[in-house]
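Given next are the chains, with one letter for each unit.
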Amino acid sequence: MKIILTGSLGSISKPLAQELVQKGHQVTVISSNPEKQKSIEALSAKVAIGSIEDRNFLTKTFTGADVVYCMLPPFKFMEDPNLDVRAETFKLATNYAEAIKESGVKKVIHLSSIGGNLEKGHGLLIFHHIMEKVLQKLPADIVVIHIRPVGFHYNLYQLMEMIQGKGFLESFIGKILTLRYYGIKGFLQGQRGIILSNYGGNDKVVWVSPVDIASAIAAEIQSPMLVRKVTYVASEILTCSEVAKIIGTAIGKPYLKWETISDKQLLNGMKQAGLPESLAKDITEMNASIHNGLLYEDFYQKKSKLKGNVKMKDFAKDFAVTYYKQS
């Protein structure tokens, strides 16, 4: 098959390209960075250099393809604090939809996310819902499969500085809570490993690796793709306390805890750290949807299976390597 992949050499697109090439498919990878060309060609894939903001480029690249894989790029919030992620998502999603129609492509894989079904209440993840809605309006003869991964293991890297005792833990709230959970002796001895968020403790989170997501997408691409559907990709369900224990043990901090603070405390902490207020509010609401269970309601209702092979204990080894490099 002739398959077009977006996402350049990202954590999902790269292993996806590798697997599809190995299976004998003709793969073209879209990248906006010309410097990626040699690396993409090294995978035995073709390269299309251009932007997904360019509808004509997308249409030309999609033409003649059997399947296209569409994903949104990471939004650079810190570079543009005033970025309207909802408007930007709608613009990019519309580009994709128009290019799909004009190119004649009949099979589409869309990388969505847990929460893609929700219209509100999950903050930052709203852009996946917007993309799903736009693609659902494509003509009925175009098969669209929405892939909804759950929590990515590598999102835990965002907590590394906190685990190291930097940033928010140096704040008044961080110090008070560290003293509460470890006592004055533990605090003075440096037992300052603690994760603070507005979800944690016994809250359950569903986890997955980008490698397993890529495998799930490859399986869907190589299936008959006869009807529109949603597919969740997950490997295991763990409480935040269980995650803290696994990660803590891997980095030599078996006492690491993951405790819950209020929405207000998290919001104020992120604002103090320099995050734009709108972004801080979206992250707070997203995390709150984990704590109150809203985010995973559809996943459980559909009785989604845990098929991923990479577990948290596997990821913890990679986390430890990065942790020690940065310590």
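Criteria and cut-off values
- Residues numbered from 1 in each chain as written.
- Predicted model: local features only at pLDDT ≥ 70, side-chain atom pairs only at ≥ 80, totals over all residues.
- Heavy atoms only, no water.
- Helix = DSSP H or I, 4+ residues; strand = E, 2+ residues; numbered from the N terminus.
- Buried < 20%, exposed > 50% of the residue type's maximum accessible area, 1.4 Å probe, protein only.
- Contact = heavy atoms within 4.5 Å.
- Pairing = 2+ DSSP bridges.
- Right-handed = clockwise from strand over helix to strand, strands pointing away.
- Axes fitted to C-alpha atoms, helices over the stretch in contact; angles between N-to-C directions.
- pLDDT = per-residue confidence, 0-100.

Here Thr231 shows up in strand 10 (residues 229–233). Given the relative accessible area of 17%, Thr231 is considered buried. For Thr231, the residues in contact, after removing those within four places along its chain, are Ile145, His146, Ile147, Arg148 and Glu220.

Right, let's get into the pairing of strand 1 (residues 2–5). Remark: a regular strand shows side chains that alternate across the two faces of the sheet. In this sheet, strand 2 (residues 26–31) lies alongside strand 1 in parallel orientation, the contact comprising four bridges. Pairing of Ile3 across the sheet is with Val27, part of strand 2. In this region the chain leaves strand 1, passes through helix 1 (residues 13–22) and returns to the parallel neighbour strand 2; the handedness of that crossover is right-handed. The sheet contact formed by strand 1 and strand 4 (residues 67–70) spans three bridges and is parallel. Each residue of the ladder has a partner; that of Leu5, found in strand 4, is Tyr69.

Glancing now at the sheet that holds strand 5 (residues 107–111). Spatial strand order, 3-2-1-4-5-6-10: seven strands in an open sheet with parallel pairing. Each having just a single partner strand, strand 3 (46–49) and strand 10 make up the two edges of the open sheet. With direction set aside, neighbouring strand axes in the sheet form an average angle of 20 degrees. In terms of strand pairing, strand 5 meets strand 6 (residues 143–149) through five bridges, oriented parallel. Note that in strand 6 the partner of Val108 across the bridge is Val144. Relative to strand 2, helix 3 (residues 55–62) is tilted by about 170 degrees, and along the sheet it contacts strand 1, strand 2, strand 3 and strand 4.

Okay, the confidence of the model for the protein next. Detail in the predicted coordinates should be disregarded across regions flagged by low pLDDT. Confidence along the protein averages 91 in pLDDT terms, with 91% of residues attaining 70 or more. Within the model, the stretch residues 169–173 combines pLDDT values under 50 with 13 contacts to residues more than four positions away or in other chains. The low-confidence segment residues 181–191 (pLDDT under 50) makes 21 contacts with residues lying over four places distant or belonging to another chain.

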